[in-house]
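# Summary of the model geometry
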Amino acid sequence: MTKPANKPFYVTTPIYYVNARPHIGHVYTTMVADAIARFHRLRGDETFFLTGTDEHGKKVGDAAKANGVTPQAYTDEISGEFRAVFDRYQQTYNDFIRTTQPRHKQRASAYIKQLIDQGDVFLGEYEGWYDEGQEEYVTENNAREQDYKSAVSGRPLTRVTEKNYFFRLSKYQDQLLEYIESNPTFIQPDARRNEVLSRVRGGLSDIAVSRSTEPWGIPMPGDSEHSVYVWIDALFNYLTAVEANDRPELWPAQLHLIGKEILWFHAVIWPAMLLALDKPLFGQLYAHSYWISEGKKMSKTLGNFVDLTELDRYVEIFGLDALRWYLLTQGPMGTADSDFAEAKFIEIYNNDLANTFGNSCARVAKMIGKYFEGKAPAVANDEAVFGAGRWCETFSDAFDTLDLHAAADIGLDVVREVDSYIEKTAPFKLAKDPDKLPEVGTILYNCAEALRIASMLLWPFIPDKCEQFWSRIGFGHYAERLKDRGTGDLAEWVQWGQLKPGTPIEKGDALFPRYQVEKK
Ligand code: MSP
């Protein structure tokens, strides 16, 4: 996912269905995109981060009906909820697209019209199995394997014969296969890439892209009897959003982030449509895995569903940065699912945030307070004690390969290095001898400077606390620069030796107070 020189970095999340309320899954993907967007802004890249809601189709139409309101009123409400929660959780998206907005509908419709005009979308007839709840056609093989029942709801599949518009997916099979084969990072992780490769090699049939039975959707251009199938409508958001912002040069996106269950649409149908439209393909599709909860698949009936109320409870107790840290460092990037468990949350919070970053900042500030009247001591500029030159590069590499866990660990490793340096040099012992004070000063300067750099690297994960720390050590201008989606200059900011001797260092309250588990 390397960024071509001088091109803005454009990252997207799925647009979320408004037939359900926001939960951990939606918050997670958006937060991953947020951390990645923050990293790019910190590095100085112009960045565009898109999220939004997917508002057409049968599921949404049915949910509105069940709630006794019009589909538009219904989508307005739930989409507003998504947006409000992303705002409350300080997600720094640049735009929030809704598929019911005219700016999207008009452009999506024009693309479909183009596909019709060039013969890539055509009117045909479908005869076969249909999963009504999912609004999906099911192949004969799959229908047999599923015992002619929906794989999702278990309800019987229906046999339908209907006129439909089809997209000539088969026509793009070879081109797509070749592209995926020759671009190893186009679909990631590798396990997902291999899944896609074997399905594409197995052969692609044309797919229905309209529904004649569902009125809540974009009308098929030139044929109002049909609506555009919700998935096709939705995929276009990635393109319509940047055009609506008058930023067509943002396309192609460098990164589409999705969950593993929507791989097929993004890895096969979307690139095939782009090929048909003669648009460049996106840089990378990354499909992460799933959150489960307390060791089990999340379910309303089991009562282990991590909904907003539950997430808010964690934010209330531990703070938003702590929730970010847990989701981003323990989350299901990669191919394994991750467990959201209270005991693990507390352990990670105490180990990483309270006992490591928080504690080290407090300890160093306290000694500077005690021995140097709260002012940064004079300096020996000894970056060699920490090997600071390496940090920034490995950190950027980790982000570029979307290894969030490794990226977070680099910041934390710097803090750990500071801790062991303090243990080794024991400034608190040296300080007992007044002659040794210059030596103590050098040690504490090195510690404070290393912590300043650590906090730069930790910022995409725990921005509020890092900014708080900066304001205590005289680097509030970093926060000013990054405010309102501004960009920084990481390579410059991590250069050793910027903390000025004499700068007031404020200890302040604990950044992450240790959490005591109540003994039952
Ligand atoms: N509307 C479609 C996407 C269209 S994109 C052009 C959709 N929406 S959704 O509301 O169901 O959101 C699905 C996404 O939410 C997943 O792809 C994933 O990003 C996130 N998650 C939902 N549940 C999740 C977990 N349990 N764990 C992690 N993320 C999951 O599909």
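The structure under discussion appears in the preceding block.
Bear in mind the structure is a predicted one, so any value in this text is a computation, not a measurement.

Rules used throughout
- Each chain has its residues counted from 1, running along the sequence as written.
- Under the rules for a predicted model, residues below a pLDDT of 70 receive no local features and side-chain atom pairs below 80 are neither given nor counted, while totals for whole chains, interfaces and linings still include all residues.
- In computing side-chain properties, one takes all heavy atoms of the structure into account and sets aside hydrogens as well as water.
- Secondary structure counts use DSSP, requiring at least four H or I residues in a row for a helix and at least two E residues in a row for a strand, with both numbered from the N terminus.
- As a reference, a globule follows 2.2 Å times the number of residues to the power 0.38, and the radius of gyration itself is taken over C-alpha atoms.
- Per-residue accessibility, obtained with a 1.4 Å probe over protein chains only, is compared with the maximum for each type, and a residue is labelled buried under 20%, exposed over 50%, and partly exposed between these values.
- Any two residues whose heavy atoms approach within 4.5 Å are treated as being in contact.
- Each accessible area value is a Shrake-Rupley result obtained with a 1.4 Å probe; residue values ignore everything except the protein chains displayed when judging cover.
- Between the first and last residue of a helix there are one fewer steps than residues, each counted as 1.5 Å, and that sum is the expected span.
- It is the directions from the helix axis to the C-beta atoms that the arc portrays.
- Two N or O atoms count as a polar contact when they lie within 3.5 Å, although within protein this holds only if one can serve as hydrogen donor and the other as acceptor, and sequence-adjacent residues are included solely when both atoms are side-chain atoms.
- To pair, rings of Phe, Tyr and Trp, with the six-membered ring standing in for Trp, must have centres within 6.5 Å; the planes then decide the type, stacked if under 30 degrees apart, edge-to-face if over 60, and tilted in the middle.
- Counted as over-ring charges are cases with an Arg CZ or a Lys NZ within 6 Å of the ring centre that also lie within 35 degrees of the ring normal.
- The convention used is that axes are lines fitted to C-alpha atoms, helices contributing only their stretch in contact, and that angles between N-to-C directions extend from 0 to 180 degrees.
- For classification purposes, angles smaller than 35 degrees are called roughly parallel, those larger than 145 roughly antiparallel, those between 65 and 115 roughly perpendicular, and all remaining angles oblique.
- Crossing handedness is read from the near helix: turned anticlockwise from the far helix by less than a right angle, it gives a left-handed crossing, and turned clockwise, a right-handed one.
- For this classification, the nonpolar set comprises Ala, Val, Leu, Ile, Met, Phe, Trp, Tyr, Cys and Pro, the charged set comprises Asp, Glu, Lys and Arg, and every other residue, Gly included, is treated as polar.
- The nearness test applies per residue and asks whether one of its heavy atoms lies within 4 Å of the molecule or strand.
- For two strands to be treated as a pair, DSSP must find no fewer than two bridges joining them.
- One side-chain nitrogen of Lys or Arg within 4 Å of one carboxyl oxygen of Asp or Glu is enough to make a salt bridge.
- We define the nonpolar core as a collection of buried residues of types Ala, Val, Leu, Ile, Met, Phe, Trp, Tyr and Cys that are connected through side-chain atoms lying within 4.5 Å of one another.

## A look at the overall build of the chain
Secondary structure assignment for the chain yields 20 helices and 16 strands. Its C-alpha atoms give the chain a radius of gyration of 26 Å, within 12% of the compact-globule value 24 Å for 520 residues. Principal-axis analysis of the C-alpha atoms gives the chain an extent of 90 × 55 × 40 Å. Looking at the 520 residues of the chain, the share that counts as buried comes to 56%. Taking all contacts inside the chain whose residues are at least 6 apart in sequence as the whole, residues at least 24 apart take part in 77%. Accessible surface computed for the chain: about 22100 Å², of which carbon and sulfur atoms make up 49%.

## Observations concerning helix 3 (residues 71-88)
Compared with the 26 Å implied by 1.5 Å per residue over 18 residues, the 25 Å span of helix 3 between its first and last C-alpha is a close match. The set of residues buried in helix 3 consists of Tyr74, Thr75, Ile78, Ser79, Phe82, Val85 and Phe86. On an axial view of helix 3, the arc spanned by its buried residues comes to 120°, and they lie on one face. Check the buried side of helix 3 and you find it contacts strand 2 (16-17), helix 1 (24-43), strand 3 (47-54), helix 2 (58-66), strand 4 (95-98) and helix 11 (308-318). Positive phi shows up at Gln90, right after helix 3, with a value of about 55°.

## Thoughts on the environment of Asp190
Mapping Asp190 onto the fold places it in helix 7 (residues 190-201). Separated by 172 residues in the primary sequence, Asp190 and Val18 place their C-alpha atoms 31 Å from one another. Side chain to side chain, Asp190 and Gln188 meet in a polar contact 3.0 Å long.

## Some points on the packing of aromatic side chains
Tallied over the entire structure, the rule returns 43 aromatic pairs. An aromatic cluster is present here, built from Tyr28, Trp291, Tyr314, Phe318, Tyr326, Phe340, Phe345, Tyr349, Phe512 and Tyr515 joined pairwise through their rings. Here the guanidinium or amino end of Arg211 rests over the ring plane of Tyr229, the centre of that ring lying 3.9 Å away.

## What about the packing of helix 6 (residues 173-182) against helix 10 (residues 263-276)?
For the pair helix 6 and helix 10, interaxial distance at closest approach is 10 Å and the crossing angle is 110°. When the axes of helix 6 and helix 10 are compared, the pair comes out roughly perpendicular. When you trace helix 6 past helix 10, the crossing you get is right-handed. Together, Gln175, Leu176 and Ile180 of helix 6 and Ala267, Val268, Pro271 and Leu275 of helix 10 make up the contact between the two elements. Considering only residue class, the contact of helix 6 with helix 10 consists of six nonpolar, one polar and no charged.

## So, the site of the ligand
Near the ligand lie 22 residues; those nearest to it are Ile15, Thr29, Asp54, Gly259 and Trp291. Ile15 places a polar main-chain atom, nitrogen or oxygen, 2.8 Å from a nitrogen atom of the ligand. Surface burial for the ligand is 93%, taken as the share of its 670 Å² of free accessible area covered by protein chains. Elements that contribute at least two residues to the shell around the ligand include exactly strand 2, helix 1, helix 8 (230-235) and helix 9 (237-244). A class-by-class count of the residues in the shell around the ligand yields eleven nonpolar, nine polar and two charged.

## Some points on the pairing of strand 5 (residues 121-131)
Pairing of strand 5 with strand 7 (residues 158-167) involves ten bridges; the strand directions are antiparallel. Within strand 7, the residue paired with Gly128 across the bridge is Val160. Pairing of strand 5 with strand 6 (residues 136-138), which is carried by three bridges, proceeds in the antiparallel orientation. When the sheet's bridge partners are listed, Trp129 is paired in strand 6 with Val138. The hairpin turn running from strand 5 into strand 6, its antiparallel successor, is four residues long, and Glu135 in that turn takes a positive phi close to 55°.

## A word on the sheet that holds strand 5
Taken in spatial order, the four strands make up an open sheet running 6-5-7-9, and their pairing is antiparallel. On the outer flanks of this sheet lie strand 6 and strand 9 (207-208), each paired with one strand and no other. Pairing of strand 7 with strand 9 involves two bridges; the strand directions are antiparallel. Across the sheet, residue Phe166 finds its bridge partner in strand 9, namely Ala208.

## A look at the pattern of salt bridges
Enumeration over the complete set of coordinates arrives at 31 salt bridges. One salt bridge in this structure joins Glu181 and Arg201, with 3.0 Å as the shortest N-O distance. Residue Glu181 is found in helix 6, and its partner Arg201 is found in helix 7; the two are separated by 20 residues along the sequence. Overall, Glu181 belongs to the partly exposed group, its relative accessible area being 38%.

## Quick look at the packing of helix 17 (residues 437-458) against helix 18 (residues 463-472)
The interhelical angle for the contact between helix 17 and helix 18, taken along N-to-C directions, is 150°, at an axis separation of 9 Å. With respect to helix 18, the element helix 17 is oriented roughly antiparallel. Our pair here, helix 17 against helix 18, has a crossing hand that is left-handed. Taken together, the residues of helix 18 that come into contact with helix 17 (itself represented by Leu451, Arg452, Ser455, Met456 and Leu458) are Cys466, Phe469 and Trp470.

## A few points about the nonpolar core
Formed by 113 residues in total, the largest nonpolar core has its most connected members in Phe340, Phe357 and Trp470. Look past the residues within four positions of Phe357 in its chain and what remains in contact with it is Asp352, Val415, Ser455, Leu458, Ile462, Cys466, Phe469, Leu511 and Phe512. Counting residues in hydrophobic clusters, the runner-up holds 60 residues, among them Val196, Ile232, Ile258 and Leu277.

## A look at the environment of Pro504
Summarising the element assignment, Pro504 is placed in the segment after helix 20 (490-493). Note on Pro504: relative accessible area 54%, which makes it exposed. With 356 residues separating them in the primary sequence, Pro504 and Tyr148 have C-alpha atoms 72 Å apart. Once residues lying within four places of it in the same chain are set aside, the contact partners of Pro504 are Gly374, Lys375, Arg472 and Ile473.

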